[in-house]
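Here's the letter readout for the chains.
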There are 2 protein chains.
Amino acid sequence: MVRLEDIARQAGVSHSTVSRALAGSPLISVETRDRIQKLAAESGYQVNQVARNLKVRSTSTIGLIVPEVSNPYYPKLVQHVADAVKAAGFSLQLHLSGSEQDAEAQCVASLREHRADGILLVTGERGIVAREQVLAMSASKTPVVLMGWVDGAEEFNLVTGDDAKGGYALGRHLVELGHRRIALLGKPPHRGPYDRLVGFRRALEEGGVPLSETLALEAASDEEVYVGVTKLLALDDPPTAIFAYQDSLAALTYKHLGDAGVSIPQDMTVVGFDDLDLATYLTPRLTTVGGHIEPLSAAFVDLLLVLVRGQAEESLPRQIVLTPQLIVRSSCTAPRQRPLTSSLSRPILDKRT
Amino acid sequence: MVRLEDIARQAGVSHSTVSRALAGSPLISVETRDRIQKLAAESGYQVNQVARNLKVRSTSTIGLIVPEVSNPYYPKLVQHVADAVKAAGFSLQLHLSGSEQDAEAQCVASLREHRADGILLVTGERGIVAREQVLAMSASKTPVVLMGWVDGAEEFNLVTGDDAKGGYALGRHLVELGHRRIALLGKPPHRGPYDRLVGFRRALEEGGVPLSETLALEAASDEEVYVGVTKLLALDDPPTAIFAYQDSLAALTYKHLGDAGVSIPQDMTVVGFDDLDLATYLTPRLTTVGGHIEPLSAAFVDLLLVLVRGQAEESLPRQIVLTPQLIVRSSCTAPRQRPLTSSLSRPILDKRT
DNA sequence: CGACGCCATGCACACGATTGCAGACATTCT
DNA sequence: AGAATGTCTGCAATCGTGTGCATGGCGTCG
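(A) Quick look at the protein's contact with DNA strand D. As a structural note, the neighbourhood of DNA strand D is formed by 26 residues, with Ser19(A), Tyr45(A), Thr17(B), Arg20(B) and Arg57(B) the closest of them. Sugar plus phosphate, as a fraction of atoms of DNA strand D within 4 Å of the protein: 62%. Note that a base oxygen of DNA strand D is positioned 3.1 Å from one of the side-chain N or O atoms of Arg20(A). In this structure, Lys55(B) approaches DNA strand D through a side-chain N or O atom, which is 2.8 Å from a base oxygen. Elements with a minimum of two residues in the surface near DNA strand D: helix 2 (15–22) and helix 4 (49–56) of chain A together with helix 2 (15–22) and helix 4 (49–56) of chain B.

Written out as structure tokens, the structure reads:
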């Protein structure tokens, strides 16, 4: 592979001159500069970034750590981040922290070894696990920005959506529609106060709607959603609405409700959270909370770039919180009224009061 | 940031000794090795991979170039690749080649500058655009493996699914169900012979089913699918089935058919291609072709790793073609019969003849 | 005509690691 | 006791660039 030295010999100059010529340094006369650039292009020269990075002590690389990318929530984020990072002239090193406990720390360590100029870390549902590593990175002047929920956020640079507000809007919407028996479906609240649920609860309390613990079901997989939905439908007094903590869970809920012959929203109101593309593909389109992935990822990258470029006037960690929006579509309606006149209606209707 | 030299001074040895100790070289006595490793751990030493890579002339990095990741087809691929690459002890550098014409070449160039040990290049719908760059890389002993459709495949290492076979299976399925007016919906065939369509056409020809050009509609965006579906429904003799070239288009088709009050599969059969998760979220579940992303990506990475490790006995480019499978779900049924005996049979049964 | 200044270029070192080779020291054998 | 052997460690070169500093040549001005 051709080096500066090779071009230098060919041009009859020193490698320093070639280096400067290719960098467009004003120290070099235009004639030699053009001559050398032409030579370099002809010989197919490509800078050895490894050597360059070593010398200039910076890599123009930023690392992105994401729990996974097969789950439909993250790809959009990755897309935005990748575009923004490239536009800023940096390369992207992608790491998937997966489900193993220490994988996140390993990702950070790897990026540290590779001397990434900055790190974007999206915490999964368990919050941040590589806490010490991140603090160590910050201590050694490598900026790290977190995204998602984290415990003890004030220590970190953080960008996050205000899930509590989103949850509140969602809860209020259901209350205003008149729902009084609302089921909850989702993963267990690993993240301490599970914000979107906290907001949701608050809305219900304000509306005087009780939240029955028997209607709060843990479910993460397809299988578990099936079990959960089946359990809810079998209740004497089934819910009139289901709040799935994530759109992907809502999609599974759709599927199993459909299989059970329950139609949305006539027989059951369903709402989600995230506003994936999925939400508009579903029939009926899903009412959800979102519309903030794009601004969120923009803020995410922007903050890091500011820090990487050293444009931060003060060094206090910053937290940026964006407010998501309630997106009303067609998966909600007022609950069906309980038939007052005993057994006139067919039992199948009773089930879904 | 702490270097080998720092630890060396602290331990009263030379940096060579530290290097060897950390690498676990048998040249170093166990006592000093342990002592040094302990010291390194305490001081939070992390190898400078940039310097290391320069010296050892290899980066343990492989590049992955993908058109985009917001489109639901690619994330699964990225996930598998990332996992496999990490398991093999390599880092992943992700590049999105996007829609601009020369972006792909820029990605390859960037990876070349960074001295990636190998490149995984997923060609978009326009096939390979960075042809010369890829050939140049191969010429300089950096293996490149392509995935997707490419023109003049024999020059490259290539992994691909046999779309023609998949299309054939799909076409045959529809023919056997009795469909004779079938609409086509998708992007224009950038890729020369658009294999999945070629196979599909062949199946129809074999079944003696004509393919009307008025039923072949170009559509890529939500908007265009809406226009297309509307046009089809407005025909005097509308189709009984729609083949969307991709699951994502099928999903949009679902949406617009639903809006128009057309129910699937009773009023219209819909099939897709790719088998995204999406396909099972839709109601009814989508009949499609797929089931090969996983083996495909496995073969993709495996082939590259073999080449990177130099285990290839001969240097001829290889092509690996995997056969996808027809996945029959609930979005297809036989076309509604034209009521022969006027109104005797109940329409709802006619629907499902 | 000499001195000074400027422009273009080369020299040499640094970045932080790996590694062949030589050498120091201890041990064992004759 | 001296030599041979083996074990461990240090020296120094190297990977390919970038860049401060010195230098050489040339033009200009006093």
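(B) Local environment of the protein's contact with DNA strand C. DNA strand C sits among 27 residues. The nearest are Thr17(A), Arg20(A), Arg57(A), Leu4(B) and Ser19(B). Backbone atoms, meaning sugar plus phosphate, form 62% of the atoms of DNA strand C positioned within 4 Å of the protein. A distance of 3.1 Å is found between a phosphate oxygen of DNA strand C and a side-chain nitrogen or oxygen belonging to Thr32(A). One of the side-chain nitrogen or oxygen atoms of Ser16(B) is found 3.3 Å away from a base oxygen of DNA strand C. Mapped by element, the contributors of at least two residues to the surface near DNA strand C are helix 2 and helix 4 of chain A together with helix 2 and helix 4 of chain B. Classifying every residue of the surface near DNA strand C by side-chain character gives nine nonpolar, 11 polar and seven charged.

(C) Region of the structure containing the interface of chain A and chain B. The interface is formed by 44 residues belonging to chain A together with 44 residues belonging to chain B. Of the roughly 4400 Å² buried where chain A meets chain B, counting both sides, 57% is carbon and sulfur surface. Inspection of the chain A/chain B interface yields two salt bridges. Notably, a salt bridge pairs Arg285(B) with Asp259(A), separated by 3.0 Å at the nearest N-O pair. Taken together, chain A and chain B are joined by 18 residue pairs in polar contact (both at pLDDT 80 or more). Take the side of chain A that touches chain B: its biggest share by element is six residues, from helix 5 (residues 74–87) of chain A. Looking at the side of chain A that touches chain B residue by residue, the class counts come to 19 nonpolar, 16 polar and nine charged.

(D) The arrangement of the pattern of salt bridges in detail. Residues and elements named next belong to chain B. For the coordinates displayed, the defined rule picks out 34 salt bridges over all chains. Residue Arg-9 pairs with Asp-6 through a salt bridge whose shortest N-O separation is 3.6 Å. Linking Arg-9 with Asp-6, this pair stays in helix 1 (residues 4–11), spanning three residues, or about one helical turn. Asp-237 serves as the salt-bridge partner of Arg-181, at 3.4 Å between the closest nitrogen and oxygen. Linking Arg-181 in the loop between helix 8 (163–177) and strand 6 (182–186) with Asp-237 in the loop between helix 10 (222–234) and strand 8 (241–244), this pair joins segments that are 56 residues apart in sequence.

(E) Structural view of unusual backbone geometry. Residue and element names in this part refer to chain A. Looking along the chain, the bond that leaves Ile-264 and enters Pro-265 is cis, with omega of 0°. With respect to the helices and strands, the residue Pro-265 is situated in the loop between helix 11 (247–259) and strand 9 (269–271). Of the consecutive residues Thr-283 and Pro-284, the connecting peptide bond is found in the cis state with omega at -5°. Looking at where Pro-284 falls in the secondary structure, it is placed in the loop between helix 12 (278–281) and strand 10 (288–290).

(F) Region of interest: the relation of the copies chain A and chain B. For these two chains of identical sequence, chain A goes onto chain B by a turn of 180° and a shift of 0.0 Å along the axis, with RMSD 0.1 Å. Overall, the copies show the geometry of a two-fold rotation axis. When C-alpha positions in chain A are compared against the rotation axis, the closest is assigned to Gln93(A), at 2.3 Å. A share of 100% of interface residues in chain A that are also interface residues in chain B marks the association as one of identical surfaces.

(G) Seen up close, the domain arrangement of chain A. Each assigned domain of chain A is listed here: domain 1 (4–47), domain 2 (60–162 + 292–323) and domain 3 (163–290 + 328–350). Domain 1 of chain A and domain 2 of chain A are separated by 38 Å when their C-alpha centres are compared.

(H) Just the sheet that holds strand 9 of chain A, in detail. Residue and element names in this part refer to chain A. What the four strands build is an open sheet, ordered 7-6-8-9; its pairing is parallel. Whereas interior strands pair on both sides, the edge strands pair on one side only; in this sheet they are strand 7 (216–218) and strand 9. With strand direction ignored, the average angle separating the axes of adjacent strands in the sheet is 20°. Running over the sheet, helix 10 (residues 222–233) touches strand 6 (182–186), strand 7 and strand 8 (241–244) and is turned about 165° from strand 6. Across the sheet, helix 11 touches strand 6, strand 8 and strand 9, and the angle it forms with strand 8 is around 145°.

Rules and cut-offs
- Residues numbered from 1 in each chain as written.
- Chains lettered and ligands numbered in written order.
- Predicted model: local features only at pLDDT ≥ 70, side-chain atom pairs only at ≥ 80, totals over all residues.
- Heavy atoms only, no water.
- Near = heavy atom within 4 Å.
- Polar contact = N/O pair within 3.5 Å; in protein donor to acceptor, adjacent residues only side chain to side chain.
- Helix = DSSP H or I, 4+ residues; strand = E, 2+ residues; numbered from the N terminus.
- Nonpolar A, V, L, I, M, F, W, Y, C, P; charged D, E, K, R; others polar.
- Contact = heavy atoms within 4.5 Å.
- Buried area = accessible area lost by both parts, 1.4 Å probe.
- Salt bridge = Lys/Arg side-chain N within 4 Å of Asp/Glu carboxyl O.
- Least-squares fit on C-alpha atoms with pLDDT ≥ 70 in both.
- Domains from an automatic or database assignment.
- Pairing = 2+ DSSP bridges.
- Axes fitted to C-alpha atoms, helices over the stretch in contact; angles between N-to-C directions.

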